[in-house]
Amino acid sequence: MKKMLALTLAGAMTVSMPVLAATSPTADSYSTASSTSAATVSAVTASSVPHSVAKAAADENKTVGEYMNNAVTEIPGLDSVLPLGQGGHVIINGVPSNQTFSVMKPTAENVKLAKTQAAALGGSVLNVAQINASVTGFNTATVNFYLQGIKTGQNIKVYQLVNGQWVELTVTEIREDHVVVDMTSLGTLAFIQMPAV
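1. Notes on the sheet that holds strand β8 (residues 156–162)
No. 1: Taken together, the five strands give an open sheet; going across it, the order is β5-β6-β12-β8-β9, and neighbouring strands pair in antiparallel fashion. On the outer flanks of this sheet lie β5 (102–104) and β9 (165–168), each paired with one strand and no other. Strand-to-strand twist in this sheet, taken as the mean axis angle between neighbours without regard to direction, amounts to 35°.

Written out as structure tokens, the structure reads:
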């Protein structure tokens, strides 16, 4: 039994990707986020991990790679999606924490609403996700989201769906593959590429 468990864990470790972190070049106090690539997330298959992980991924309507990397890389209703993840170390009310915000699949209705919002702004949706966490009731959470393919200086706006309306959130930093956002509550976020200013 021990040998079988060891082989199962070794197999899972072989195909899983280590979560990498990149600190901000401007402020080490910002949280870090995983550097999960879409290819790596897609490469992890249900056959290479324990049944319980595959079931948990299916329960969240995610691929195993998305589930294992706290990421969303595919969304029905969006043809082009930049992989979105969150690697933890969220700053809550100005204090570094060990909190990770979960990146979940959005509802089909919220994807439609995000596309409508982006069109009204003259932009395009990069990703939409439901953000969950065990912490609630915070004033501000500074969250470093990994958004693969983002370049420093891009004009990215982040909106949160609140009572059926999109509310713009403060984006404190945009750098290579990262968008740092101040949130005041959990919920559905839309990452929208705006025209260059």
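2. Regarding the nonpolar core
No. 1: With 39 residues, the main nonpolar core has F101, F145, M183 and F191 as its most contacted residues.
No. 2: Mapped by element, the contributors of at least two residues to this core are α5 (108–121), β6 (124–132), β7 (141–147), β8, β11 (178–183) and β12 (187–193).
No. 3: No other element matches β6, which puts five residues into this core.
No. 4: Not counting residues within four places of it along the chain, the set of residues in contact with M183 comprises F101, I131, F138, N139, T140, A141, V143, F145, Q160, L169 and L189.

3. Regarding helix α3 (residues 51–59)
No. 1: Here α3 has its buried residues at A54, A56 and A57. Summarising the axial view, the buried residues of α3 lie within an arc of 160°, below the 170-degree limit, and thus occupy one face. Facing away from the buried side of α3, by more than 90 degrees, are the exposed residues H51, S52, A58 and D59.

4. A few points about the pairing of β9
No. 1: Bridge analysis of β8 against β9 gives four bridges, and the strand direction is antiparallel. Bridge pairing in β9 places Q160 opposite V167.
No. 2: Linking β8 back to β9 in an antiparallel pair, the connection comprises two residues, with N163 at a positive phi of about 50°.

5. Regarding the pattern of salt bridges
No. 1: As enumerated under the stated definition, the model contains five salt bridges in all.
No. 2: A salt bridge links K105 to E66; its shortest N-O distance comes to 3.1 Å. With K105 in the loop between β5 and α5 and E66 in helix α4 (residues 64–68), this residue pair connects regions lying 39 residues apart in the sequence. Exposure class is identical for K105 and E66. Each is buried.

So, how was this worked out
Per chain, residue numbering runs from 1 following the sequence as it is written. For this predicted model, a pLDDT threshold of at least 70 governs which residues receive local features, and a threshold of 80 or more governs which side-chain atom pairs are given and counted, while totals over whole chains, interfaces and linings are taken from all residues. To obtain the side-chain values, all non-hydrogen atoms of the structure were used and water was disregarded. At least two DSSP bridges between two strands are required for those strands to pair. Helix numbers and strand numbers start at the N terminus; a helix is a DSSP run of H or I with at least 4 residues, a strand a run of E with at least 2. Only the contacting stretch of a helix is used when fitting its axis, a line to C-alpha atoms as for every element, and angles between N-to-C directions run 0 to 180 degrees. Buried Ala, Val, Leu, Ile, Met, Phe, Trp, Tyr and Cys residues that are joined via side-chain atoms within 4.5 Å together make up what is termed a nonpolar core. Note on exposure labels: buried denotes an accessible area under 20% of the residue type's maximum, exposed denotes more than 50%, and partly exposed covers the range between, all computed with a 1.4 Å probe on protein chains only. Residues are treated as being in contact if the distance between any of their heavy atoms lies within 4.5 Å. What the arc measures is the spread of directions leading from the helix axis to the C-beta atoms. Every case where a carboxyl oxygen of Asp or Glu lies within 4 Å of a side-chain nitrogen of Lys or Arg is listed as a salt bridge.

Function cannot be read off these values alone, since they describe shape.
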